[in-house]
Amino acid sequence: MKQFFTLMFLVFVSLIGLSQTRSVITLEDGWKFKKGINNEAYQIAFNDAQWEEVTVPHDWAIYGPFDKEIDKQTVAITQNNEKVATEKTGRTGALPFIGTAWYRNTFTVPQFEAGKKVILLFEGVMSEPQVYLNGKKIGEWKYGYSYFYFDISDDLKQGENTLAVQASNPEFSSRWYPGAGIYRNVSLIVKNQESIDQWGTYVTTPYVTKEVARVNIKTKVSGEQIVLKTTIYDADKKEVGQSVSETQYGKEFDQNIKVEVPNLWSPEHPYLYTALSQVFVNDVLKDELTTRFGIRTIDYDAAHGFRLNGEVTKFKGVCLHHDLGPIGTAINTSALRRQLTILKDMGANAIRSSHNMPSLEQLELCDEMGFLFLAESFDEWKKPKVENGYHRFFDDYAEKDIVNLVHATRNHPCIVMWSSGNEVPDQWGAEGVKRAKWLQDIFHREDPTRPVTVGMDQVKAVMESGFGALLDVPGLNYRVHLYEEAYEKFPQGFILGSETASTVSSRGIYKFPVVQEKEKQYPDFQSSSYDLEACSWSNVPDEDFVLQDDKPWVIGEFVWTGFDYLGEPTPYDNMWPSRSSYFGISDLAGLPKDRYYLYRSRWNTKENTLHVLPHWNWEGREGEVTPVFVYTSYNSAELFVNGKSMGIQKKNNSTPQNRYRLMWMDVKYEPGTIKVVAFNDNGTEAETKEIHTAGKPYQLVLNPDRKIIKADGKDLAYVEVSVVDKNGIPCPTATNQLQFKVKGKGVYRAACNGDATSLEQFHLPTMKLFSGKLVVLVQSTKTVGEIALEVKGKGLKSAVLKLQSEK
């Protein structure tokens, strides 16, 4: 049973005690921060009184301001088939992540005494951290996405300790916004010498039937004369199996525990068990550790593709960068949960952590909520993409980074595949083939139960070199025209769409005429939400749908991307002020674009989808052709404009778009009402949807994702702010400037409107609506009570929302 304590010494720390034998102290509060080079900041006596007080996780760059000169890169992006170098102003988000900064924390460790073993664990520091304890350098790491730890048993003191961390981000080190600083959790693990090693448990389920499962648990320990007792509990905390072992193989125990009538983990039924591992010496409990896991089987073969628990399963996945929009890269569980909730409603069943190690919180949520996971490691190997990228560290760190990734995350049932790289230039040449095999062999050595892939975009090259043939799972990034050839030449007998679509759109923005385009640009730096625009190397969703539906050897896809992210503003990456992506199915604020409903109509098989676009406010376009699209799970529908039928459309195979969309291409705009009546397969009316022309903006409307949040100082409520006219009709083109104020037991955290060209800073309490909407983030304090959000705008009726925080 986990117990939570809040302790106050010179610094707040939170302590999770599994027992008196082990404690985990998460260093959240009490950090001092200062950007800039300082050669003395590691010293114990250094005066940091004037430094900024921050909490960790922390992203120093997200507060801006945006600046086109930051990390301005003059490059030809070879992945995008560019031949001539051009100036890229928003490639890494135009936020001030470049430079060096210091963090300092002074803390006391309760229960610490001589002879204890203490581990200092970092889950992610961006980047190249150097770590000092009590004035002594205890270690460093290079990769900003990696988890790493140090044994500080000999360096920790009773009483007060001083931890100092330097983080440095050089220019030209990323292709997207990487964030900056200690953006994931830092913790101290205090335990006895006789104990389970860090990431020392490895749970697999090598034999599973409906009647019985064999759970194999390998446990690495330190100490002599150890007896290991492992007990498995089900989700109701009922004991379902146990093993007591005295025999070690080297430093490792190897136990097999029988679980009868197992509940199998799957996206539809994400059932989790818990293993309690206890270390005894002479009948005295010395250490204990709980590990959550799922019982499930995975298989990949030419006859079936991918099978989960014996059932053929297609990946309906999205790629996600690690930033969380307006709060940057600082990890936040409620922000992650909101993302996954939105994706779950869309019908997605899989996530790819592109292009780096995922956060542990994200994996825990995917275990709980039911998502398959493709855990990726690198965007660069030995050959560079950017001047100061990971290639500088590949020889010295690649193996260590993979080992840490696998050991830290391998017990998560959601992970069903590893990826050793994404679009690496090493796809060319014999040396790249050797590197691919070397990396894959490391994954296999550390975890023989999961296959390895690489996101390959140089498909012709990997066909000829043998690079694609040696992979467990051949992953193709785009190149839909080469799927058939790759299938014929690769020996695996199946293909994964490791990265698909890269369709671009701006929420609520529609361009005319409505035609399919590549690399289309407009004077306002937006992209059309008719979802017919893509990049030179990519395609619209329907082309992927055809392959997924018609080719059983295509085992699924990971769409680029689930949400917009900071940086990579293609097709405007050389046009300021674009500073974030247009690829997302949902925008940077997490508001679904029209494209969300196109995927939902195909992926969500439990609920019907009926979505109509565009909006119907087109003053000045009276009488002009304004096509109407419907994204729906129904196969046919009839459109009415102000009561007049525009005819019935039925899905058909004449084009990929006609197969998955209903489109009325000749509709002429007139103000009023458009109505869509959808029919079931029997031809009877099943559902209707109406869109009305709105009048002038009149009143603000607030809609939270939750009304009750935790009083932990971290939990977030996401409040969707929209504006309606006097009749309550949403105003889809409103751009009013709004102001926000939070009172009570909460604070204003950030706002975001999803506009990739907006230079408004997220943390300031004012922002313009974009396409009639934005989102305000309200954060709890550590005090229980009522929270009130007030939103105002000139000429608008204001709105107040009451929230509640609870323990």
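Each remark here, short or long, concerns the structure printed above.
This is a predicted model, so every value here is computed, not measured. (Residues numbered from 1 in each chain as written. Predicted model: local features only at pLDDT ≥ 70, side-chain atom pairs only at ≥ 80, totals over all residues. Heavy atoms only, no water.)

**Student:** Just to check I follow, could you spell out the overall build of the protein chain for this structure?
**Tutor:** Scanning the protein chain from terminus to terminus reveals ten helices and 50 strands. In terms of principal-axis extent, the alpha carbons of the protein chain reach across some 85 × 60 × 55 Å. Summed over all atoms, the accessible surface of the protein chain reaches about 30,700 Å², with 48% contributed by carbon and sulfur. (Helix = DSSP H or I, 4+ residues; strand = E, 2+ residues; numbered from the N terminus. Areas by Shrake-Rupley, 256 points an atom, 1.4 Å probe, with all protein chains shown as cover.)

**Student:** Which parts of the structure should I look at to understand the side chain of N388?
**Tutor:** You can see N388 is positioned in the loop between β27 (372-376) and α3 (394-409). Among all residues touching N388, those that are not within four sequence positions of it are P170, E171, F172 and S173. (Contact = heavy atoms within 4.5 Å.)

**Student:** I'm lost on the sheet that holds strand β19 (residues 252-260) in this one. Help?
**Tutor:** Read across the sheet, three strands follow the order β15-β16-β19 without closing on themselves; strand pairing throughout is antiparallel. What marks the edges here is a single partner per strand, and that holds for β15 (195-208) and β19. When strand polarity is set aside, the average angle formed by the axes of neighbouring strands in this sheet is 20 degrees. As paired strands, β15 and strand β16 (residues 212-222) are joined by eight bridges and run antiparallel to one another. Following the sheet pairing, S195 is matched in β16 by S222. (Pairing = 2+ DSSP bridges. Axes fitted to C-alpha atoms, helices over the stretch in contact; angles between N-to-C directions.)

**Student:** When you look at the pattern of salt bridges in this model, what are you seeing that I'm missing?
**Tutor:** Where side chains of opposite charge bring their charged atoms close, a pairing between them can arise. Counted according to the given criterion, the structure contains 47 salt bridges. A salt bridge links R307 to D301, with the shortest nitrogen-to-oxygen separation between them at 2.9 Å. Classification of D301 as partly exposed rests on a relative accessible area of 21%. Linked through salt bridges whose partners overlap, the residues forming this network are R175, D379, K385 and E568. (Salt bridge = Lys/Arg side-chain N within 4 Å of Asp/Glu carboxyl O. Buried < 20%, exposed > 50% of the residue type's maximum accessible area, 1.4 Å probe, protein only.)

**Student:** Teacher, can you tell me more about the sheet that holds strand β41 (residues 685-692) here?
**Tutor:** Note on sheets: strands pair through backbone hydrogen bonds, and any given pair is parallel or antiparallel. Overall, antiparallel pairing links the four strands, which are arranged β38-β37-β40-β41 in an open sheet. Two strands lie at the open edges of the sheet, namely β38 (644-650) and β41, each paired on one side alone. Neighbour-to-neighbour, the strand axes of the sheet open up by a mean angle of 20 degrees, direction not taken into account. For strand β40 (residues 673-679) and β41, the ladder comprises seven bridges, and the chain directions are antiparallel. Bridging across to β41, V677 finds its partner in T688.

**Student:** Just checking my understanding: could you explain the packing of helix α1 (residues 333-346) against helix α2 (residues 360-369) for this structure?
**Tutor:** The angle between the axes and the distance between the axes are what describe a pair of packed helices. Interaxial distance between α1 and α2 falls to 10 Å at its minimum, and their mutual angle equals 40 degrees. Between α1 and α2, the angle falls in the class oblique. For the pair α1 and α2, the sense of crossing is right-handed. Contacts between α1 and α2 involve T333, L336, R337, L340, T341 and K344 on the former and, on the latter, E361, Q362, L365, C366, E368 and M369. Its residues assigned to classes, the contact of α1 with α2 shows five nonpolar, three polar and four charged. (Parallel < 35°, antiparallel > 145°, perpendicular 65-115°, else oblique. Left-handed = near helix turned anticlockwise from the far one by under 90°. Nonpolar A, V, L, I, M, F, W, Y, C, P; charged D, E, K, R; others polar.)

**Student:** Can you walk me through the environment of T735 in this structure?
**Tutor:** On the secondary structure map, T735 appears in the loop between β44 (716-724) and β45 (737-744). Classification of T735 as partly exposed rests on a relative accessible area of 47%. Sequence spacing of T735 and I152 is 583 residues, and the spatial spacing of their C-alpha atoms is 54 Å. Non-local contacts of T735, meaning those with residues more than four positions away in its chain, are made with K768 and L769.

**Student:** So what exactly am I meant to see when it comes to the pairing of strand β35 (residues 610-613) here?
**Tutor:** For a regular strand, the rule is simple: side chains alternate between the two faces of the sheet. Of the two faces of β35, both are covered, the one formed by L610 and V612 as well as the one formed by H611 and L613. Here β35 pairs with strand β36 (residues 628-632) via four bridges, running antiparallel. Within β36, the residue paired with V612 across the bridge is V630.

**Student:** Please clarify how α2 should be interpreted in this entry.
**Tutor:** In an α-helix, one full turn covers 3.6 residues, which means residues spaced three or four apart are oriented alike. Counting buried positions along α2 gives eight out of ten residues, so the element sits mostly inside the fold. With its phi angle positive at about 90 degrees, G370 sits one or two positions after the end of α2.

**Student:** What is the right way to look at the pairing of β40 in this model?
**Tutor:** Of all seven residues in β40, five are buried; the element is thus mostly enclosed. Examined bridge by bridge, strand β37 (residues 636-641) and β40 share six bridges and lie antiparallel to one another. Paired with A637 across the bridge in β40 is A678. Here β40 hands over to β41 after five residues, with G683 in that stretch at a positive phi of 85 degrees.

**Student:** In this structure, what is going on with unusual backbone geometry? I would like to understand it.
**Tutor:** A negative phi angle characterises most non-glycine residues, just as the trans form characterises most peptide bonds. Note the cis peptide between W576 and P577, where omega equals 20 degrees. Following the sequence through the fold, P577 ends up in the loop between β34 (554-560) and α9 (594-603). Residue P614 is reached from L613 by a cis peptide bond, and omega for that bond is 5 degrees. Among the secondary structure elements, P614 is positioned in the loop between β35 and β36. Despite not being glycine, N134 shows a phi value in the positive range, around 50 degrees.

**Student:** Please explain the packing of aromatic side chains as it appears in this structure.
**Tutor:** How two aromatic rings sit relative to each other is set out by the distance from centre to centre and by the angle between their planes. For the coordinates displayed, the defined rule picks out 46 aromatic pairs. Pairing Y478 with W537 gives two aromatic rings, centres 6.3 Å apart and planes at 75 degrees, and the pair type is edge-to-face. Separated by 59 residues along the polypeptide, Y478 in the loop between β30 (473-477) and α7 (483-489) and W537 in the loop between β33 (533-534) and α8 (541-550) bring together distant segments of the chain. Its relative accessible area of 2% is what places Y478 among the buried residues. Residue W537 is classed as buried on the basis of its relative accessible area, which comes to 12%. Seen in terms of ring centroids, Y572 and Y582 are 5.4 Å apart; in terms of plane orientation they differ by 55 degrees. Their pairing is tilted. With Y572 in the loop between β34 and α9 and Y582 in the loop between β34 and α9, this pair connects stretches of sequence that are ten residues apart. Neither residue differs from the other here; Y572 and Y582 are each classed as buried. Taken together, the aromatic side chains of F122, W141, Y143, Y145, F148, F150, F378, Y390, F393, F394, Y397 and W438 make up a single cluster linked through ring pairs. The ring of W141 carries the charged tip of K400 above its face, separated from the ring centre by 5.4 Å. Over the ring of Y397 we find K400; its NZ or CZ atom is 3.9 Å from the centre of that ring. (Phe/Tyr/Trp six-rings, centres within 6.5 Å; stacked < 30°, edge-to-face > 60°. Lys NZ or Arg CZ within 6 Å of the ring centre and 35° of its normal.)

In short, shape yes, function no, at least from these values alone.
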